[in-house]
Amino acid sequence: MSDNILVLIPVNKLRDSLNKTVKYYLDCDLNVVIVDSSRNKIEYRNNRVRIEHYPDFSFYQKIIKILHKYSDNYILLSPDDDIINVSQLRNTLECAK
């Protein structure tokens, strides 16, 4: 996968919008991690998607935990029902380099 961009998608339950969001980011060739805080780990059947399960963690707790674990990447925090324009993101990163 390219750009060393990691997309974190925080969830606390499985919703239909998650599939569309994950598909979009995978089609853009980005690394995807679903950060799940539900009691029962959600199942997502795609070997290109990692799931980090932290039952009952608050939003802030799970994000801080992940930021420590994946600190060598550019991090994009994306809700499961919204996306960012990846081509614009790549242009911005190029300018920053």
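Here, every reference points to the structure presented above.
Residues numbered from 1 in each chain as written. Predicted model: local features only at pLDDT ≥ 70, side-chain atom pairs only at ≥ 80, totals over all residues. Heavy atoms only, no water.

Quick notes on the pattern of salt bridges
Under the criterion given, the structure shown has 6 salt bridges. A salt bridge links R15 to D80; the shortest N-O distance between them is 2.6 Å. Taken as a pair, R15 in the loop between β1 (5-11) and α1 (16-27) and D80 in the loop between β4 (74-77) and α3 (86-96) lie far apart in primary sequence, 65 residues in all. Residue class for R15 comes out partly exposed when judged on its relative accessible area of 34%. (Salt bridge = Lys/Arg side-chain N within 4 Å of Asp/Glu carboxyl O. Helix = DSSP H or I, 4+ residues; strand = E, 2+ residues; numbered from the N terminus. Buried < 20%, exposed > 50% of the residue type's maximum accessible area, 1.4 Å probe, protein only.)

Observations concerning the sheet that holds strand β2 (residues 31-36)
Across the sheet, which stays open at both edges, the 4 strands sit in the order β3-β2-β1-β4 with parallel pairing between neighbours. Strand pairing shows two members of the sheet lacking a second neighbour, β3 (49-53) and β4, which therefore form its edges. If you compare each strand with its neighbour and ignore which way they point, the axes differ by 25° on average. Pairing of β1 with β4, which is carried by 4 bridges, proceeds in the parallel orientation. Among the inter-strand pairings, I5 is bridged to a residue of β4, identified as Y74. Packed on one face of the sheet, α1 meets β1, β2, β3 and β4 and runs near 175° to β1. (Pairing = 2+ DSSP bridges. Axes fitted to C-alpha atoms, helices over the stretch in contact; angles between N-to-C directions. Contact = heavy atoms within 4.5 Å.)

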